[in-house]
Structure formats: C-alpha cells, structure tokens
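Residue-level listing of the chains:
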Amino acid sequence: MMKKWKLGMLVAAAALSVVALAGCTAGKSSSGADDKNVTMWVQFSKEDPEGKAMAQNIAAFNKENKKGYKATVQYIPRSGSGGGYEDKINAALNSNSLPDVLTLDGPNTAAYAKSKIIQPLGKYITKKSDILPSIIDQGTYKGKLYAVGYSESGVGFYYNKKMFKDAGITEAELPTLDKPWTWDQFNAILKKLKEKYQGPAIDMQLSDHSEMAIYSLAPFVWSAGGNITNKAGTKAVGYFDSAATQSAFKEIQDVVKNGYTTISPKQKGFQTGKYAMLMSGSWTIQELDKQYKDISYGILPYPVSPKTKKLVSPTGSWQYAMSASTTKTAASGALIDFLSAKAQMYRTSMANTVLPARKSVSDEMMSKVTEPMRFLIKQNQESGHARPVLVKYPQVSRTFAETVTKATYYKENPDISALMKKQAQEIQQYLK
C-alpha cells in the first residue's frame, strides 16, 4: 500500500505536462452522440482490489440508476515513474479525446481547473455535509468544487510496544488523540529510546525527498500556526518564513541534530526492530499485519506545538472529476455522485484498506477494522488538513522538500531564519 500511495503522489512532472497542454482541452466529448453513455478513465488496474471494487460499483450504477445511464471504464495503471495514466491524459488533451469522467490526484486540482481540463461539479454531488472537510478543501478551487475524493489517507507514529516497555516508557506517558504530546514530550520519549538502544529512535522517512515531505511534515507547520502560503495562494513571503513556520522546521532540524532520527534510515528499520518508531501511513498497517506478525505495535498521534497544542494530521488522495469537454454533464454528474455515495465509498475503502472520505462510511467501518485503522480514521476526522490548492503546487511541493533537506543538514544551515527567508522567496516566484 505504501508503494501505491507513493505512485499516487508523484504529481510534479505529470501536472507540469498537463498544464503545458492546457490549450488543447476545448472541443467535443469523445464519448459519442448518445447522452446516456459515459466513459471513465481510472489510474489503477482492473485486477487490483481497487479495480475489482470499481467494477462492482460500475455494475451497480448501470443497474440501479433510473435514467438509463450506462458507464464504461478504461483501466490505465500508473507506472513506477508516474507515467502511464498521465501519458494517456496528455495524449487525449492533444487529440481532444478526454473521457467524460476521469480521476486525478488531489494536489492537481488547481492546475486542472485553471487549465479548463475539468469543470465544476458541485451541483451534482448530494449529501456534501457528510463528506469530510479535508476532501472538500482539496477538491475546491476559487470557491467551486471541481473534484470529489473517494478515499482519504493519513499518517501516524507507529511504535513497538515491547521496545517502549523495555525502555521504561509507561502507558501513562503515551499521548492520545484527546491529549496529544507536545514537541517537548515527543523529544523526551525519543531521548529515552535513543539512550536505551544507542541509536536513532524513529524513522521519519527523511530520506524520501518526494511528495512525502510536504504530505507528512506540513502538519508540524500547521500545528505551530504557520503556513506555506496565505489563504489566497498568492504570498509565501511572510508565511513560509514566519516565526511559527520557522519553529516547525527548527523542531524537525533538532530531531535530526539530537540524533533522535536520521536522514539515512536503514530500510525496514522499524519492521526489523532497529528503530522503536516509524512515521508512516495506513498502508503500513497492512504490511505489518501480513508480513511482520511478530511485532506488537500501536499508533500514536502527531506531536503538537507546545504553543498552540493544536493537533493536525495530513490528508489527501485521488478524486473523481468531470472533463471540461464533455457535453454529457447530467450523466457524468450522476456517475460521480453515485461513485462517491456511501455504499460505493464503503466498498472501495474496505477493499483497498484506505481511510474513508465520508463521515457515514467512517462510522460503518469502525466496527469492522483493526484498532490501528480505527485510530487513523478518528485522527483523520478530528485533525485532517488538506495540502494547499495551488496551480503550481508541484513546484511548491518540491521547494518544501528541498527546505526539509536543507534544514536537516544542520551544519550547513544552522540559521533556520535565514534558510526560511530564502526558501519563502523561492516559493514566491511560483505564486500569482
């Protein structure tokens, strides 16, 4: 599941190429003259659990809708380099042959909307109040809903229960969602673990310089009361270099500087008992339960800024959208509304071991999933925060990752304030 999530987040090159072809989006739908038949493209294989769930959902739509609509799906798996699906999208933009409905990754919403690759669909979506706010946020551009996420994601702090006990860390010391740990308390636990095991206490995946950086570490910024840009997405100076944002990057730097984590972690270090903790997402639950059954583990919440005490966790995943070129808006809207409804979301979330995007689906799943998954679902509901919706998001994400890397090289960049001012200027050039 982790590999699958990473594929879903390789947005930079794909988004750039899509925007470059934005002038090719106008024209008629490729779906033909029959307004009741709609086509859809998805980024996964028909043989995947997600693909099998989709096949069931489409069969249900074709049978149950009262308007006689018929949907067909083309499964176009993404490659390890992020190609495949995006290559197909780009080719369709060149030839005016986009499907009526397509999937896209959350961070691409603004670029697709501004380039008129997709069109607003809010009027077709029912029971929007049941959809998690983070899902609405990631699919909204300039006040209009352009895409609906069909699942969610999240990250927690996995811990090895035996290693914690052997280090003298009691249950009473552990944080909860109701009473999360501050950065100071987080560091105190890491210090105990480092001293006991004579090495890094946690793998924070700082060797991953891709989308994982902003996805998993931006919550430190938001918890501190900082931000990457202003709400309008027009200013980074004054935001990315604010005192609050600086404090978050100082915390990340100090965790490395104190030897509590490492920028070059051993592969599968948590899974093999080398590290007592791992910062990772829901995909790791499936891996641990199937491949590392000897590890007794739990999941802890994000540490919070000691100043704000605000719990924030990351969110975001793939979405359904309607192509701007389709003339079959009623049928396409009906399909997206059906696929994002409770029953279909439940089927997809359970089949794919992902967090749900609707509150009602969360409620239904709670009694059917393991305790670690229940924890992440609840954390997502209480503290989920979408990444910024920016037209040039890939460049901003890349700069965030570069900032993390530079901060962790603390000898070369001891002055966080100077670093953040420079990086804020870097992000500023990508904003309008």
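Reference entry: report on the structure contained in this document. (Residues numbered from 1 in each chain as written. Predicted model: local features only at pLDDT ≥ 70, side-chain atom pairs only at ≥ 80, totals over all residues. Heavy atoms only, no water.)

1. Section: the pairing of strand β8 (residues 155-160)
Item 1. The buried count for β8 comes to six of six residues, which makes it a mostly enclosed element.
Item 2. With five bridges connecting them, β8 and strand β10 (residues 277-281) associate as antiparallel partners. Looking at β10, one finds that F157 is bridged to M279. (Buried < 20%, exposed > 50% of the residue type's maximum accessible area, 1.4 Å probe, protein only. Helix = DSSP H or I, 4+ residues; strand = E, 2+ residues; numbered from the N terminus. Pairing = 2+ DSSP bridges.)

2. As for unusual backbone geometry
Item 1. Notably, K142 is not glycine yet its phi reads approximately 50°, a positive angle.
Item 2. Summarising the element assignment, K142 is placed in the loop between β5 (140-141) and β6 (144-145).

3. Remarks on the packing of aromatic side chains
Item 1. Enumeration according to the criterion identifies 16 aromatic pairs in this entry.
Item 2. Geometrically, the ring pair formed by W181 and F186 is edge-to-face, given 5.1 Å between the ring centres and 75° between the ring planes.
Item 3. Looking at W181, the relative accessible area reads 2%, which means it is buried.
Item 4. Overall, F186 belongs to the buried group, its relative accessible area being 0%.
Item 5. The structure contains a cluster of three or more aromatic residues connected by ring pairs, namely F157, W181, W183, F186, F220 and Y302. (Phe/Tyr/Trp six-rings, centres within 6.5 Å; stacked < 30°, edge-to-face > 60°.)

4. Quick look at the sheet that holds β10
Item 1. Here four strands make up an open sheet; going across it, the order is β9-β10-β8-β11 and the pairing mixed. One side of each edge strand has no neighbouring strand; the edge strands of this open sheet are β9 (202-203) and β11 (297-300).

5. A word on the pairing of strand β3 (residues 101-105)
Each regular strand displays side chains that alternate between the two surfaces of the sheet.
Item 1. Of all five residues that make up β3, five are buried, and the element is covered over most of its length.
Item 2. By the alternation rule, side chains of β3 split into V101, T103 and D105 and L102 and L104, which are all buried.
Item 3. Across two bridges, strand β1 (residues 37-42) lies against β3 in parallel orientation. Following the sheet pairing, M40 is matched in β3 by V101.
Item 4. As paired elements, β3 and strand β13 (residues 318-323) share five bridges and run antiparallel to each other. For V101, the partnering residue across the bridge sits in β13 and is M322.

6. Observations regarding the packing of helix α16 (residues 393-408) against helix α17 (residues 416-428)
Item 1. For the pair α16 and α17, interaxial distance at closest approach is 10 Å and the crossing angle is 165°. Of the possible angle classes, the one that applies to α16 and α17 is roughly antiparallel. Crossing of α16 over α17 shows right-handed handedness. Contacts between α16 and α17 involve V396, T399, E402, T403, K406 and A407 from the former and I416, L419, M420, K422, Q423, E426 and I427 from the latter.
Item 2. Residue composition of the contact of α16 with α17, grouped by class: six nonpolar, three polar and four charged. (Axes fitted to C-alpha atoms, helices over the stretch in contact; angles between N-to-C directions. Parallel < 35°, antiparallel > 145°, perpendicular 65-115°, else oblique. Left-handed = near helix turned anticlockwise from the far one by under 90°. Contact = heavy atoms within 4.5 Å. Nonpolar A, V, L, I, M, F, W, Y, C, P; charged D, E, K, R; others polar.)

7. Focus on helix α10 (residues 243-257)
Item 1. The end-to-end C-alpha distance of α10 is 20 Å, a good match for the 21 Å that 15 residues give at a rise of 1.5 Å each.
Item 2. Within α10 the residues assigned to the buried category are A244, T245, Q246, A248, F249, E251, I252, Q253, V255 and V256.
Item 3. Next to the buried residues of α10 lie α8 (183-197), α9 (212-223), α16 and α17.
Item 4. Positive phi shows up at G259, right after α10, with a value of about 80°. (Expected span 1.5 Å × (residues − 1).)

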